[in-house]
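# Residue-level structure breakdown
Residues per chain are reported as follows:
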Amino acid sequence: MLPLPWISTSRVVCRALVVRVLIALSLGGLLAGCGRQDEAVSRRASPAQAVPSAGGLFLQGETVGAPVKDRPWVAHVTTVDLDRDGRPEILACEAGQGLLVRLVRSGPDAGWTEHVVAAKLPAPVHVEAADIDCDGDLDLLISCMGQVFPSNERIGSLVLLVNDGHLNFTPRFLLERVARVVDARVADFDGDGRMDIVVGQFGYLQGEIRVLWQRAAGVFSSEIMLDLPGTVNVPVADYDNDGQPDFAALVSQHYEEIVLFANAGAGKFTRRTIFGSTNEDFGSSGLVASDLNRDGRVDLLYTNGDGFDYAEPGGRPWHGVQWLENTAAGAFVLHRIGDLSGAYGPVACDIDGDDDLDVVAVSGFNDWRDPQALSLAVFINDGRMGFTLQPGAHAPTHLLTAAVADLDGAGRPVLVTGGFHAYAPWDRMSRLMLWRTRTP
């Protein structure tokens, strides 16, 4: 990750060599089929290790879905009521196996059943549910990297799964043979009544952000909005409260910055950088739109915890969680929430039931040889935007993604996490887990 535009790309190339060494030494034949397991590696899932807090609140983990097999590569989880029955479901992208899976249950006391929605996807890393064809049901938009590890090849794609209204999905490639796609979000940006798509392409040494304009039903044209590599997320929201959808972009790799694309109407955007780090190893990893302080303006929740560039992946002292406050003056002010090595997957929710928003984050890159390394952390809001770290769990390790919803219908948030086990140790693995708050 090189945040400064004048720095030579030679360091990026050097890091690519480091990653290749890592692959050769630690991952063996994993890239060939994402399925081989060393004989000495345990195939058992790790039990969740909850950590009680001084206030009596702790998280209890539950494994759901298919059992751990080989090394899970769950790159994204989200919750959505896909069948519109009033009960949220879980969608997950398994990048190693090329799967999009859906977990459902028939009632609050029933078990979760996993179904494969789509298979043979080229490294799916993000799923977005939206009514793209405006027919009253939710379609699925899948961002596919082609392969997760660094590549300059144009192997990315964007796959639309068109819902027939009965949860039968027909795949359609909206983009193929482009720089690796990592995120796609949906909004009617030009106000013509048709849903458009903003696409973030991390690429490697080349990448871009583009908008797919839906000019007629199912007919898209592409416009490049930013010609830079390293985009991680492109969350859509009305950031300036003018009634039109905007989008923000977290750009890592060369720049480590957050760029706001404000909708000026008629399909036009104005662009400005609202944050940039001077630390070339800042490790930008996640960006989420949330009105964290509940003042009516959409803020940004931001993690930096990527540690995949190093010969021995892991956390760094500057990794952690922060939020960018959207002020009345239109500026965004950065506030540090707390430290967390390997921070990924930020979510905002009222986890302690005191009517303010707390923050949860997971750790994907940490020193997992240390049994006290945190894999799940809760930052409790004191009601005045002061946050206190509450350790959530030490195991399972390698958690890369998180989501939250009232999955039990009990009016309480339930967390969902996904395990992405791309490097050793392999002894505390998980695939999909639910986390509920419990009191001793």
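Residues numbered from 1 in each chain as written. Predicted model: local features only at pLDDT ≥ 70, side-chain atom pairs only at ≥ 80, totals over all residues. Heavy atoms only, no water.

### Focus on the sheet that holds strand 23 (residues 332-339)
Taking strand neighbours across the sheet as the criterion, the four strands line up as 20-21-22-23 in an open arrangement whose pairing is antiparallel. Looking at strand neighbours, the two that pair on one side only are strand 20 (284-290) and strand 23, the edges of this open sheet. Each strand of the sheet is rotated relative to its neighbour by a mean of 20°, with strand direction disregarded. (Pairing = 2+ DSSP bridges. Helix = DSSP H or I, 4+ residues; strand = E, 2+ residues; numbered from the N terminus. Axes fitted to C-alpha atoms, helices over the stretch in contact; angles between N-to-C directions.)

### Concerning the sheet that holds strand 14 (residues 219-226)
Taken together, four strands build an open sheet; the order of strands is 11-12-13-14 and the sheet is antiparallel. A strand with exactly one partner marks an edge of an open sheet, and here the two such strands are strand 11 (181-187) and strand 14. Neighbour-to-neighbour, the strand axes of the sheet open up by a mean angle of 20°, direction not taken into account. As paired elements, strand 11 and strand 12 (residues 196-201) share six bridges and run antiparallel to each other. Residue pairing in the sheet places valine 186 in a bridge with isoleucine 197 of strand 12.

### Some thoughts on the environment of glutamine 322
Along the chain, the position of glutamine 322 falls in strand 22 (residues 320-326). Residues glutamine 322 and threonine 303, spaced 19 residues apart in sequence, show a C-alpha to C-alpha distance of 6.3 Å. Sequence-distant contacts of glutamine 322, defined by excluding residues within four places in its chain, comprise Phe282, Leu300, Leu301, Tyr302, Thr303, Asn304, Leu334, His335, Arg336 and Ile337. Here arginine 336 takes part through its side chain, which lies 2.6 Å from a polar atom of the side chain of glutamine 322. (Contact = heavy atoms within 4.5 Å. Polar contact = N/O pair within 3.5 Å; in protein donor to acceptor, adjacent residues only side chain to side chain.)

### Describing the pattern of salt bridges
Per the stated rule, a full pass over the model turns up 17 salt bridges. Residue glutamate 208 is joined to arginine 154 by a salt bridge in which the shortest nitrogen-to-oxygen separation is 3.6 Å. One end of the pair, glutamate 208, is in strand 13 (residues 208-216); the other, arginine 154, is in the loop between strand 8 (139-144) and strand 9 (156-163), with 54 residues separating them in the sequence. A single network of salt bridges, built from pairs that share partners, joins Glu62, Arg105, Asp408 and Arg436. (Salt bridge = Lys/Arg side-chain N within 4 Å of Asp/Glu carboxyl O.)

### Here's the deal with the side chain of threonine 417
Turning to its location among the elements, threonine 417 is positioned in strand 29 (residues 414-419). Within the structure, the side chain of threonine 417 is placed 2.9 Å from the side chain of tryptophan 435, a separation counted as a polar contact. Apart from residues lying up to four places away in sequence, threonine 417 is in contact with Val77, Val362, Leu399, Thr401, Ala402, Arg431, Leu432, Met433 and Trp435.

### Points about the side chain of aspartate 183
Relative to the elements of secondary structure, aspartate 183 occurs in strand 11. When sequence neighbours within four positions are dropped, the list of residues in contact with aspartate 183 reads His126, Ser143, Val198, Val199, Gly200, Val232, Asn233 and Val234.

### Topic: empty space enclosed by the protein
This model, assessed by the stated rule, comprises one cavity of 30 Å³ or more. Its boundaries defined by the atoms lining it, the largest cavity holds a volume of some 40 Å³. Along its surface, the largest cavity is lined by Asp408, Arg412, Pro413, Val414, Arg436, Thr437 and Arg438. A total of three residues in the lining of the largest cavity trace back to one element, the largest contributor, which is strand 30 (residues 432-438). Within the lining of the largest cavity, the residues separate by chemical class into two nonpolar, one polar and four charged. (1 Å grid on protein atoms, 1.4 Å probe; cavity = no way out; pocket = protein on both sides within 12 Å on 5 of 7 lines; lining within 4 Å. Points joined across faces, edges and corners; volume = space filled by probe spheres on them. Nonpolar A, V, L, I, M, F, W, Y, C, P; charged D, E, K, R; others polar.)

### Observations concerning the pairing of strand 10 (residues 169-178)
The sheet contact formed by strand 9 and strand 10 spans seven bridges and is antiparallel. Among the inter-strand pairings, glycine 156 is bridged to a residue of strand 10, identified as valine 178. In sequence, strand 9 turns back onto strand 10 through a hairpin of five residues, with glycine 165 there showing a positive phi of about 95°.

### Section: the nonpolar core
Core analysis: the biggest nonpolar cluster contains 51 residues, and Ile258, Leu300 and Ile351 have the highest contact counts within it. The contacts of isoleucine 258, once residues within four sequence positions are left out, are Ala249, Leu250, Arg272, Thr273, Ile274, Phe275, Leu287, Leu300, Tyr302 and Leu324. Listed in part, the 17 residues of the second largest apolar core include Ile209, Leu226, Val251 and Tyr255. (Core = buried A, V, L, I, M, F, W, Y, C linked by side-chain atoms within 4.5 Å. Buried < 20%, exposed > 50% of the residue type's maximum accessible area, 1.4 Å probe, protein only.)

### Description of the confidence of the model for the protein
When the pLDDT values of the protein are averaged, the result is 88; 86% of them are 70 or greater. Every residue in residues 1-46 scores below 50 in pLDDT, and together they form 95 contacts with partners more than four places removed in sequence or on other chains. (pLDDT = per-residue confidence, 0-100.)

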